[in-house]
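Coordinates in review
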Amino acid sequence: MTLRVVIADDEDLIRAGLRIIIDAEPDLTVVGEAADGAAVLPLVRRERPDVVLMDVRMPALDGIQATERLLALDAPPKVLVVTTFENDDYVYDALRAGASGFLLKRTRPDDLIKAVKLVAAGESLLFPAAIRALAGRRSPGPGRVAGIDRLTGREGDVLRLMTKGLSNHEIAAELVVSQETVKTHVGNVLAKLGARDRTQAVIAAYESGFVSPR
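Read on for an overview of the structure. The model shown is predicted, which means the values in this text are computed figures rather than measured ones.

Details of the overall build of the protein
- Of regular secondary structure, the protein possesses 10 helices and five strands.
- The globule rule puts the C-alpha radius of gyration for 214 residues at 17 Å, and the 17 Å found for the protein is close to it.
- Projected onto its principal axes, the C-alpha positions of the protein cover 50 × 35 × 30 Å.
- For the protein, the residues scored as buried account for 52% of the 214 residues in total.
- Nonlocal contacts in the protein, meaning residues at least 24 apart in sequence, comprise 68% of its contacts between residues at least 6 apart.
- Carbon and sulfur atoms make up 50% of the accessible area of the protein, which amounts to about 10,000 Å² in all.
- Measuring between centres, the 28 positive side-chain charges of the protein sit 4 Å from its 30 negative side-chain charges.

A closer look at the environment of alanine 16
- Within the secondary structure, alanine 16 is located in helix α1 (residues 12-23).
- Its relative accessible area of 36% is what places alanine 16 among the partly exposed residues.
- Sequence spacing of alanine 16 and glutamate 33 is 17 residues, and the spatial spacing of their C-alpha atoms is 9.3 Å.

Here's the deal with the sheet that holds strand β3 (residues 51-55)
- Taken together, five strands build an open sheet; the order of strands is β2-β1-β3-β4-β5 and the sheet is parallel. In this open sheet, the two edge strands, each paired with only one partner strand, are β2 (28-34) and β5 (101-104). Here the average twist between neighbouring strands, direction ignored, is 25°.
- Of the pairings in the sheet, the one linking strand β1 (residues 3-8) to β3 comprises four bridges and is parallel in character.

Some details on the layout of surface pockets
- Each pocket or cavity is described by its volume, and for the largest pocket that value is around 180 Å³.
- If you go around the largest pocket, you meet 13 residues; those closest to its centre are Arg96, Gly98, Gly194, Ala195 and Gln200.
- Listed by contribution, the elements that provide at least two residues to the lining of the largest pocket are α4 (89-97) and α10 (198-207).
- Among the elements that take part in the lining of the largest pocket, α10 stands out by supplying four residues, more than any other.
- Considering only residue class, the lining of the largest pocket consists of seven nonpolar, three polar and three charged.
- Of the pockets and cavities examined, the second largest pocket occupies roughly 150 Å³.
- Forming the walls of the second largest pocket are Leu13, Ile14, Gly17, Leu18, Ile21, Val82, Leu103, Leu104, Lys105, Thr107 and Leu112.
- Elements with a contribution of two residues or more to the lining of the second largest pocket: α1 and β5.
- A total of five residues in the lining of the second largest pocket trace back to one element, the largest contributor, which is α1.
- Across the lining of the second largest pocket, the residue classes tally to eight nonpolar, two polar and one charged.

Description of empty space enclosed by the protein
- Evaluated as defined, the whole model comprises two cavities of 30 Å³ or more.
- If you add up the space inside the largest cavity, you get close to 80 Å³.
- Counted by class, the lining of the largest cavity contains four nonpolar, four polar and three charged residues.

Comments concerning unusual backbone geometry
- One non-glycine residue, arginine 48, adopts positive backbone phi at about 50°.
- Locating arginine 48 in the fold gives a position in the loop between α2 (40-47) and β3.
- Given a relative accessible area of 62%, arginine 48 falls into the exposed group.
- Phi angles above zero are rare outside glycine, and alanine 60 is one such case at about 70°.
- Along the chain, alanine 60 turns up in the loop between β3 and α3 (63-70).
- Assessed through its relative accessible area of 77%, alanine 60 is described here as exposed.

Conventions and cut-offs
- The residue numbers shown here count from 1 along each chain, following its written sequence.
- Local features in a predicted model are, by the rule used here, given only for residues with pLDDT of at least 70; side-chain atom pairs are given and counted only at 80 or more, and totals for whole chains, interfaces and linings are based on all residues.
- To get the side-chain values, take all heavy atoms of the structure and skip hydrogens and water.
- The helix and strand labels rest on DSSP assignments: H or I over at least four residues marks a helix, E over at least two residues marks a strand, and numbering proceeds from the N terminus.
- For the radius of gyration, the atoms used are the C-alpha atoms, and the globule rule reads 2.2 Å times the number of residues raised to 0.38.
- Accessible area is worked out with a 1.4 Å probe on protein chains only. A residue is then buried under 20% of its type maximum, exposed over 50%, and partly exposed in between.
- Should any heavy atoms of two residues lie within 4.5 Å, those residues are counted as being in contact.
- To measure how exposed things are, a 1.4 Å probe is used in the Shrake-Rupley method; for residues, cover is taken only from the protein chains shown.
- Positive residues here are Lys and Arg, negative ones are Asp and Glu, while His and the chain termini are left out of the count.
- To locate a charge, the coordinates of NZ of Lys, CZ of Arg, CG of Asp or CD of Glu are taken.
- Note on pairing: DSSP must find at least two bridges between two strands before they are called paired.
- In this analysis, axes come from line fits to C-alpha atoms, helices being fitted only over the stretch in contact, and the angle between any two N-to-C directions falls in the range 0 to 180 degrees.
- Method remark: on a 1 Å grid restricted to protein atoms, a set of points is classed as a cavity if a 1.4 Å probe fits but cannot get out and as a pocket if it is open with protein on both sides within 12 Å along at least five of seven lines; lining residues have an atom within 4 Å of a point.
- Grid points are joined across faces, edges and corners, and a volume is the space filled by probe spheres set on the points.
- Asp, Glu, Lys and Arg are counted as charged, while Ala, Val, Leu, Ile, Met, Phe, Trp, Tyr, Cys and Pro are counted as nonpolar; the rest, among them Gly, fall into the polar class.

Remember that the coordinates give geometry; whether it matters functionally is a separate question.
The structure is reproduced here in structure tokens:
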């Protein structure tokens, strides 16, 4: 199956470079570009991409607001934030808004392709150490995240391993259970936390104090 990608960035050169890299892959294709966050929503409604590469800093409507609008759709795409600085507060706010991960604009082409596919699959966490570092700059607020106290002991174990970036296969090996069992636990964690994907669950784990980023 070919993954459909939309690129949203206000720099023509960045969009052109990303398009060349993505279109060179046989199982990826760019189906549209937007130079501003305000143009992303109608483009996504029309093209129905699997992944949106989203710049966080754009005129008129930034990537954070654009991400929030996208995730209000009935069948939203995965959002992969593209940024210049990994310690930018905009990045963390975009993750909190629902982005599934982020990339630096200087990322190597091979890593960009892997990131798009990883985010689309949704079975692992992109750059867990970087997300932990971003979360470490914020103060946790125990009790702020609904559902944390409803996790079973095994679901809590799965969530802790998710924060380390382990895939379903790796979690299954760590806990000596089947991958199907892990998928069930991950689904339960997401449902109880009201999280759209693993990234949102991990953010919830840090912000509630369930797991310390330090």
